[in-house]
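Residues per chain are reported as follows:
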Amino acid sequence: MRILAVGDIIGKPGRKALREFLPQLKDEIAYDAVIVNVENAAGGFGLTQKVYEELLELGVDVMTSGNHIWDRKEIYSFIDDAHNLLRPANYPEGVPGRGFGIFKKNGVVFGVINLMGKVFMECNLENPFGVFDEIYEEIRKETNIVVVDFHAEATSEKWAFGIYVDGRASAVFGTHTHIPTADEFILKKGTGYVSDVGMSGVWYSVIGVKPAQAIERLKLGVPRRFEVEEKGQVVFNAVLFDIDESTGKTISIERIKRFL
Ligand SMILES: [Fe+2]
Ligand SMILES: [Fe+2]
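Our subject in this report is the structure included herewith. Given the structure is predicted, the values throughout are model-derived calculations rather than measurements. (Residues numbered from 1 in each chain as written. Chains lettered and ligands numbered in written order. Predicted model: local features only at pLDDT ≥ 70, side-chain atom pairs only at ≥ 80, totals over all residues. Heavy atoms only, no water.)

Take the coordination of the iron ion (ligand 1) next. Donor atoms from the polypeptide that coordinate the iron ion (ligand 1) comprise Asp8 (OD), Glu39 (OE), Asn40 (OD1) and His178 (NE2), at 2.1 to 2.2 Å from the metal. Around the iron ion (ligand 1), the four donor atoms are arranged such that angles at the metal cover 91 to 162°; this shape is classified as irregular. Expressed as a motif, the donor residue spacing for the iron ion (ligand 1) is D-x30-E-N-x137-H. A gap of 3.7 Å separates the iron ion (ligand 1) and the iron ion (ligand 2), which Glu39 links by coordinating each metal. Taken together, the residues span a long stretch of sequence, with Asp8 in the loop between β1 (2-6) and α1 (11-29) and Asn40 in the loop between β2 (33-37) and α2 (49-57) at a distance of 32 residues. The exposure class assigned to Asp8 is buried, which follows from its relative accessible area of 0%. (Donors = N, O, S within 2.8 Å, 3.2 Å for Na, K, Ca; no water. Tetrahedral: all angles 85-135°; square planar, octahedral: opposite > 155°, others 65-115°. Helix = DSSP H or I, 4+ residues; strand = E, 2+ residues; numbered from the N terminus. Buried < 20%, exposed > 50% of the residue type's maximum accessible area, 1.4 Å probe, protein only.)

What follows is the structure, given as structure tokens:
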């Protein structure tokens, strides 16, 4: 099974890149399912129901997210009914939405887990390593294909997690930093791994935000409203995992970068 993982989609430019490249890549590499991190899909902050539906129409099979999924109040009104949307599974009991799901595409059943790291993240989270162990056992009753979006800041935490789940998860892709890393590997026991897929949005920006606003905040230390950079060339970042359906292990991993 070929799974295309797309990192954080930044507002309108990111959605435009999906509209352009998902059909193209379908023809070129015949992926079976596409997972997209949508925490910045609506104007750079969170997700609206309208954007959720737009992404479904574009053919996105599973949406993962992270700390920014709560940026728009509207999310609370539809997250429990958004069956293709996940939020990190290690939020405490009582947080709406769900953190993992079992999906089926082209006749193949696969599980997706969304987790968030704890290092440099200001969230009240349970430990993602332990939460993975519990959910993994659940999913394994249905399928041996288990894909994880590990939404985290520190590459060290991401690598530690990758090695911790090596041989159990089929694939682990990192999100959140918006910066792609060149460390895609098949780990020793067969887990396809990359620390961060990187964002899709205007590349001449500060992780998707208008540079002048980010620079002012960093230089002067004053609060500044952030807006998505919408002018300029758009980069599309993704990683393709080819997973052996009988073993649940990754047999090839490839980074994909396109410009619009
Ligand atoms: Fe993000
Ligand atoms: Fe994030």
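The next subject is the sheet that holds strand β7 (residues 171-175). Here we have six strands laid out as an open sheet, ordered β4-β5-β6-β7-β9-β8, and mixed in their pairing. Both edges of this open sheet fall to β4 (100-105) and β8 (185-186), since each of them pairs with a single strand only. As paired elements, strand β6 (residues 146-151) and β7 share five bridges and run parallel to each other. Along β7, the bridge assignment pairs His151 with Thr175. (Pairing = 2+ DSSP bridges.)

Next up on the list: the environment of Ile29. Tracing the sequence through the fold places Ile29 in helix α1. A sequence separation of 65 residues divides Ile29 from Gly94, and the C-alpha atoms of the two residues are 40 Å apart. With sequence-adjacent residues up to four places away left out, Ile29 is seen in contact with Arg2, Leu4, Leu240 and Ile256. (Contact = heavy atoms within 4.5 Å.)

Turning our eyes to something else, we now look at the coordination of the iron ion (ligand 2). At 2.1 to 2.8 Å from the iron ion (ligand 2) lie its protein donor atoms, namely Glu39 (OE), Glu39 (OE), Asn67 (OD1), His151 (NE2) and His176 (ND1). Spacing between the donor residues of the iron ion (ligand 2) along the chain follows E-x27-N-x83-H-x24-H.

Turning our attention to the pairing of β4. Where β4 and strand β5 (residues 108-116) come together, six bridges link them in antiparallel fashion. Within β5, the position partnered with Lys105 by the bridge is Val108. In textbook terms, the turn of a hairpin is the stretch between consecutive antiparallel strands, and for β4 and β5 this stretch comprises two residues, one of which, Asn106, has a positive phi near 50°.

This brings us to the side chain of Glu39. Checked against the element boundaries, Glu39 lands in the loop between β2 and α2. Buried charge without a salt bridge: Glu39, with Lys158 as the nearest opposite-charge side chain at an N-O distance of 9.8 Å. At a separation of 2.9 Å, a polar atom in the side chain of Glu39 contacts the main-chain amide nitrogen of His68. Within polar-contact distance, the side chain of Glu39 engages the side chain of His151 at 3.1 Å. Leave out the neighbours within four places in its chain, and Glu39 touches Asp8, Phe45, Gly46, Thr64, Ser65, Gly66, Asn67, His68, Ile69, His151, His176 and His178. (Lys, Arg positive; Asp, Glu negative; His and termini not counted. Salt bridge = Lys/Arg side-chain N within 4 Å of Asp/Glu carboxyl O. Polar contact = N/O pair within 3.5 Å; in protein donor to acceptor, adjacent residues only side chain to side chain.)

Moving on: α2. Within α2, the full set of buried residues consists of Val51, Tyr52 and Leu55. Axial view of α2: buried residues confined to an arc of 105°, hence all on one face. Of the exposed residues in α2, the ones pointing more than 90 degrees away from its buried face are Lys50 and Glu57. Looking at the buried side of α2, the elements it contacts are α1, β3 (62-64) and α3 (75-78). (Arc of directions from axis to C-beta.)

Another aspect to go through is unusual backbone geometry. One non-glycine residue, Ala30, lies in positive phi territory at about 50°. Checked against the element boundaries, Ala30 lands in the loop between α1 and β2. Phi is positive for Asn106, close to 50°, though the residue is something other than glycine. Take Asn106: it is sitting in the loop between β4 and β5. When its relative accessible area of 52% is taken as the criterion, Asn106 is described as exposed.

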